[in-house]
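A closer look at the structure
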Amino acid sequence: MAQAQAQAQAQAPAPAPAPAPAPAPAPARTKLTHSGGVLQKNREFLDFFWDIAKPEQETRLMAISGLREYLRSSEGDDLKYTIQRLIEGLAATRETARPGFSLALAQVLQCDETILLRTILEQIKKKHNINITKKKFIRNAVFGNFFGVLALSQSGRLIKEPDILLESIQLLQSLRQYRQYLRDLPAKAIVDILSETPENVFKKILFGALQEDMSSAFSTPAQLHLLLVALQRFPKVLKPQNLKKLLGSSAILSSENVPKLIELLKVAARSVKKDQTLPPLALDLVRVTLQEGTFEMFWKDVVENGLLKEPYGPTSYFCFRLLGGSMPLLSLSQLNLVLTGEVMRHCGVHMVIAQLPKRFRFGPEMTNFVDSFLESTQDEAKQFMVIKCFSSLTNYGHPVIPSYWKVVCRLQSSVLLKYVDWLKNMFVSPDFDICTQFSTKRQKENNQAIDRAQHSVMRLRSWIVARLISIVDNYQVKKEEDLVMDIARFIFFHAFFGAKRYTSDIPETEVALTIPLDEKTRDMLESSFFCLLNHLNTLPPLGDSAELGDKNEKRVFGVTADGNLWIYCLVQYASVLLSQERSVQAVKPFTQIQRKAWDRMLQSVEDLQNKSKTAEKQEASAFQLLFLLVGIQIFKVGEDSLALLSDLHKCVEEWLQKKIKKHSTHVTRKEEPVWVEVIVEILLAFLSQPNRLMRQVSKMVFTRICPHVTKEALQLILDVFNPESEEGEESALMVTEDFEKSQTKADWSHDDEMEDESDSDESEEEEDDNDDGADDSDEDKSEEDAEEGEEVVDENFRMELMKVLQTTNVISKEGESSSDEDADDETMMALDKNIAALFSERKKRLQAAKDEKEKMIKEKALRKNFKIKVLDLIEVFLAKQPENPLIFDIIEPLIAIIEENLSSHSNQQEQDYLRKAAEIFMNQLCKAKTYCQNISEMKEDLHKLMERLVTRASRQSDSSVSLYCFSGALYLLRVLKGKAKITDKTEKGGKAKTGKVDLFGNMDMKKVTELYQGALTLFMTRRKCALTGSMFVNLFSRFPVMCERLLPLAIVSITDGIREHQRGQACCLVLQALQSHDVRQSFPGDKWNELITEVISQVKQCLKTVTAVKLKVEQEEVRKCLELVQFLIKTVTQQRLDISLAELTSVLQSLEELEDLCKFSDLYWHVMKLLGFKKPQKVKVKAQLPDPAAAPGTLKKKKGFLPETKKRKNWKKKKNPTLENEQNKKENPNGKSDEAPKAASDRTDKKKRKRRRKSKTTPKGNAAGNTEKTQEPAAKKSKENLTEASPIN
């Protein structure tokens, strides 16, 4: 019954079959009896029924559970009332209430088996009798009967009473005529009841009742579903001979029944169009055909030759869902039949077409089907069959499933190995005969456009390589190191080598390529290999090593179980390949110089491996990683790699020499190693390439050599952000551009894989028209671009055109006349040719200018991207070396980046660049927990740098840039101040005596005070200043030692501030300073009284100048002053200072007269409460209604009447006001009005106008006879108006 109930409550959440646990019952209230003697139920009991009808599912379940517990402990007629109330609720008008009452009734019947089901069924029929119900309540009665049967079925007792079961089935059968209300719900309910009925009950009781429905199984999908369920549940009852009596055939599927089944399945497919699900009828039909052994006939005749003949729509999606849902039911041979047939081809065409926008995509749904199948089945053969067939569904060589498919993680280890071997075999020898190939309508029309055979092979191989890389990259796929190494070796071998003959040392030479690799495929393999290296560099430990490792130990990525780098394993494999010259041939053979460099690189890596176990492990591993990466790039860019290897060898030698000198003699700062600068240049060259591997390796290497970075090496990094040094970047960016060109030729990524398909897939004329419209729009765009380029008048082109025309005498000379008839055909042809050549040349110039502009934009984007990647090195240096004094050299370049890009972030790339620079400056630098301590030698330079930053902040036009400058200055102030040091002193007796606390550190207090005093003065006295009050508040809060020096200036600014905003911010600063404990200690005794007195005096002067608080800045000023006054009053009263507050009280009382005091009245009266004043309470006076007896002459205005100014007669009066006024003055010299109340006169005027209109519309003969009839209702209306206007009513 769950299925039928779910269908019945489509618009409401269905309650779960098992109710939630009931909460602790509240104490029962006493029952009340009303004066008439009728028993009234207590509130707790009645609330259960209200909650059952609520739309929230949890509320309904809690109410049902509570009702069940209540009935167990109740006494009296509560059970009778409950059943009565629940049966009434079955026909509730609210859709969410009916399932709730049905479930509650089922729970009550299940708990108390003393209740007779026959009694309940009779009450349901009597209460919801459709025959005697009024027509407008028939719908509710139908639902009441249906949900009543659902309740009986859900109680679990219906099967135990066959007679009631038969009556319930008959009741459901009678409800099928109300299809406009229930649709197929009665039939689905019968199916649900049938699925729980024992065989003997069905045979004795239900078979006769359902025989008519089963005999007409091919009339509706619901009746067919009923027969299919009965065949599965009761095969002994519905034997072939009995089935033949019912249907005329001994099997469901026969040649006569195929057309009927096709039509029924079409109807079922359309019925679930909105739900986008597979109807239950479909899978039951598959199960029955499997029992009968007619599945092949069903799939071929019904599905492929019947349903698929329909155009794309519900029937096609029905076939796709039937394919996915039936996979767990099929055998291996049946899976092969289904996954290589026409349904798969149609599904592939749909997945290609659905890539266009605004299309329904079935691909994710099919992925879920495959994922659930692979997760549920443990049969290795079936798993491999499914994954192979879906990988073989190709569109001109390219599989339609994505290269990164999440279902691969469901494969078992043995199946995964078998699948990888199959992919490698398909790469070596592509066999399209085993693939399920398809093509779209437009692809068939353009079949001869290109060489499809070679193109298909290239597309298939590119997808296979991407799939192999995705297996390595997907961390959810359970794989071993041998599998990963096998994939890496395979891709590396075919990217850079070829097999001559088979050798057992190299498994990749076992099978030769049946189709040689072309240049594009080779380039794709090279790019894919370095992409694989990037994944291997971040690969977590695999297999047992990942499980046995300590959880608290830091995980190392990019290494095998034995601790070797993945790239090192591949370099060793490359050495094996280079040594097997008889069996293997390199695509680009090594020269002698390259081979020597390769051997020397291997020797250096081995030496560094031995040194990596010593204290210099970080540096040795950095050099090792660089050697391996640059060495393996010899296969791609040989000459550049040789130069880099030579530089690396020199760096290693110099590093070793410096290490020896470090142990022997002291090294001064001038003798710092130069090898770091070379490494930094190499890393910058790596970052200039659009390769994620290079960026990641550069970051890893720089992390390990950070302690050795010198000022010159850091300056090389900072020069990248200098606009004057962009000329030096052009060489690196040119290499980047060439690299990108080669990469775009070979990079067959998943985003571009289906480009041909999305342009070539359409099966409807409407889609073709849309594409034609898109082409037209593209042509229009090109024409618009050309017109934009031609808008500027080119004088040179005009002169050249004039010359061409003059040479052919087309343009008349002065005083001569010419015409087109004078020129012959040859002259005109020559003229056309010259003009065409001229315009063609001009078009080439315009295109060249456009290409140059695009190239400049591209170079600018490359340069910006390069700078973004170089910021990674800055971030690493700040994170790993926060105490390095070289950090101070980074402050100004980062601020320069923010200044340069804050006002010009037009595109997303520049916004990312600015955001990253700002985050590094604030989070990694200014908010760093540790900082440089040894600054005694550079404190003068730091003071100058801080002065430059404060001056820079005050001169900015944007306050956001000024904030970064000021934050940098505060960071330097923090560094100069240092940590507080306590100097200990000892007395003669040996007793310890605490010394003074050094609060200043290396800070020159005089210079710093003058610097920030000037900045604060500038902020308080300048109208347009980039400095903000929050900056100085931050200064006061973080550095209390500065408060004492800047506090007098802030106090004076309370009254001397140039604007209201500055005066309010001065109050904030003073309040921040007075709340500081350090400031309080610096003003002992009378000095503190004098300070408080001075502040009170300044605040009084400031509040006296307040005359209005309408503007927002004025309100903010008064609010800040009141906050400061509140603190001052509390300080005076709590510390009992000898300070008079009388004058301040009088000033505060004067503020009560301000009009807009309500904007901050709570704060104001809180301050006044401290002085002993209370907020006056407003007396609410009720509005008194006018006494109608006081004005007997006035009539009550009828609701809905127009006001006097809106009436037409008054509009006419307003046009000539002078005449009306004169007449009124003559008639009424005293100015009093003699007019009677206008309400009655207006009504009489309206009646007269109505009578006139009626007299015009009625015939003349009947005019006299109708006067009496028209006057009677008028008299009645006048009486009604009088009664409404009377004071009694």
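Reference entry: report on the structure contained in this document. (Residues numbered from 1 in each chain as written. Predicted model: local features only at pLDDT ≥ 70, side-chain atom pairs only at ≥ 80, totals over all residues. Heavy atoms only, no water.)

1. Considerations on the overall build of the chain
Counting its secondary structure elements, the chain contains 57 helices and nine strands. Evaluated residue by residue, the chain yields a buried proportion of 44% over its 1289 residues. Pairs at least 24 residues apart make up 75% of the contacts formed inside the chain by residues separated by at least 6 positions. If you sum the accessible surface of the chain, you get close to 70,800 Å²; carbon and sulfur atoms cover 50% of it. (Helix = DSSP H or I, 4+ residues; strand = E, 2+ residues; numbered from the N terminus. Buried < 20%, exposed > 50% of the residue type's maximum accessible area, 1.4 Å probe, protein only. Contact = heavy atoms within 4.5 Å. Areas by Shrake-Rupley, 256 points an atom, 1.4 Å probe, with all protein chains shown as cover.)

2. Here's the deal with the sheet that holds strand β3 (residues 393–395)
Strand order in the open sheet formed by three strands is β4-β3-β5, with mixed pairing between adjacent strands. Here the strands that pair on one side only, and so sit at the sheet edges, are β4 (398–399) and β5 (436–438). Examined bridge by bridge, β3 and β5 share three bridges and lie parallel to one another. Note that in β5 the partner of Asn395 across the bridge is Phe438. (Pairing = 2+ DSSP bridges.)

3. A closer look at the nonpolar core
Grouped together as the largest cluster of nonpolar side chains are 357 residues, with contacts concentrated most on Phe298, Phe390, Phe702, Tyr1012 and Leu1074. Here Tyr1012 is in contact with Met946, Val950, Phe966, Ala969, Leu970, Leu973, Phe1032, Leu1035, Met1042 and Leu1046, once residues within four sequence places are set aside. (Core = buried A, V, L, I, M, F, W, Y, C linked by side-chain atoms within 4.5 Å.)

4. Notes on helix α33 (residues 692–705)
Within an α-helix, residues lying three or four positions from one another point in the same direction, as the helix has 3.6 residues per turn. With 14 residues, α33 should cover 20 Å at 1.5 Å per step; its first-to-last C-alpha distance of 20 Å lies within 8% of that length. Listed as buried for α33 are Leu693, Met694, Val697, Ser698, Val701, Phe702 and Ile705. Projected onto a plane normal to the axis of α33, the buried residues spread over an arc of 150° and lie on a single side. Residues of α33 that are buried make contact with α26 (519–537), α30 (617–632), α32 (675–687), α34 (711–718) and α40 (825–880). (Expected span 1.5 Å × (residues − 1). Arc of directions from axis to C-beta.)

5. Here we look at the packing of aromatic side chains
Under the definition given, this model contains 39 aromatic pairs. Ring geometry for Phe590 and Phe635: centres 4.9 Å apart, planes at 40°, overall tilted. Taken together, the residues Phe590 in the loop between β7 (584–586) and α29 (592–611) and Phe635 in the loop between α30 and α31 (638–664) connect sequence positions 45 residues apart. With respect to class, Phe590 is no different from Phe635; both count as buried. Each ring, one from Phe623 and one from Trp675, has its centre 5.4 Å from the other, and the planes form 50°; the classification is tilted. You can see Phe623 sitting in helix α30 and its partner Trp675 sitting in helix α32, a full 52 residues away along the chain. Residue Phe623 is classed as buried on the basis of its relative accessible area, which comes to 2%. We classify Trp675 as buried; its relative accessible area is 1%. A network of ring pairs unites the aromatic residues Phe492, Phe493, Phe496, Phe497, Phe529, Phe530, Tyr573, Phe590, Trp598 and Phe635 as a single cluster. Across the ring face of Phe143, the terminal group of Arg98 is positioned such that the distance to the ring centre comes to 4.1 Å. Here the guanidinium or amino end of Lys418 rests over the ring plane of Phe384, the centre of that ring lying 4.5 Å away. (Phe/Tyr/Trp six-rings, centres within 6.5 Å; stacked < 30°, edge-to-face > 60°. Lys NZ or Arg CZ within 6 Å of the ring centre and 35° of its normal.)

6. A word on the packing of helix α22 (residues 413–428) against helix α25 (residues 481–496)
At a closest axis distance of 11 Å, the pairing of α22 and α25 adopts a crossing angle of 5°. Compared by their axis directions, α22 and α25 come out roughly parallel. Contact with α22, carried on its side by Leu416, Leu417, Val420, Lys424, Phe427 and Val428, involves Leu483, Asp486, Ile487, Phe490 and His494 of α25 and no other residues of that element. The class makeup of the residues in the contact of α22 with α25 is eight nonpolar, one polar and two charged. (Axes fitted to C-alpha atoms, helices over the stretch in contact; angles between N-to-C directions. Parallel < 35°, antiparallel > 145°, perpendicular 65-115°, else oblique. Nonpolar A, V, L, I, M, F, W, Y, C, P; charged D, E, K, R; others polar.)

7. A word on the packing of helix α42 (residues 908–926) against helix α44 (residues 959–977)
Direction vectors running N to C along α42 and α44 enclose 15°, while the axes themselves pass 11 Å from each other. As judged from the angle between their axes, α42 and α44 are roughly parallel. Of the two possible hands of crossing, α42 and α44 adopt the one that is left-handed. Only Tyr964, Ser967, Gly968, Tyr971 and Arg974 of α44 make contact with α42, whose side of the interface consists of Ala918, Phe921, Met922, Leu925 and Cys926. Tallied by class, residues from the contact of α42 with α44 come to seven nonpolar, two polar and one charged. (Left-handed = near helix turned anticlockwise from the far one by under 90°.)

8. What about the environment of Asn865?
On the secondary structure map, Asn865 appears in helix α40. In this structure, the C-alpha to C-alpha distance between Asn865 and Asp912, residues 47 residues apart in sequence, is 9.6 Å.

9. Some thoughts on helix α19 (residues 342–353)
Helix length check: α19, at twelve residues, gives a terminal C-alpha distance of 16 Å against a target of 16 Å (1.5 Å per residue), a fit within 8%. By the criterion of burial, α19 is predominantly enclosed, with nine of the twelve residues buried. Taken together, the buried positions of α19 are occupied by Val343, Met344, Cys347, Gly348, Val349, His350, Met351, Val352 and Ile353.

10. As for the side chain of Gln633
Relative to the elements of secondary structure, Gln633 occurs in the loop between α30 and α31. Ignoring anything within four residues of it in the chain, the contact list for Gln633 reads Phe530, Gly638, Ser641, Gln689 and Met694.

Without other data, these values stay purely geometric and don't point to any function.
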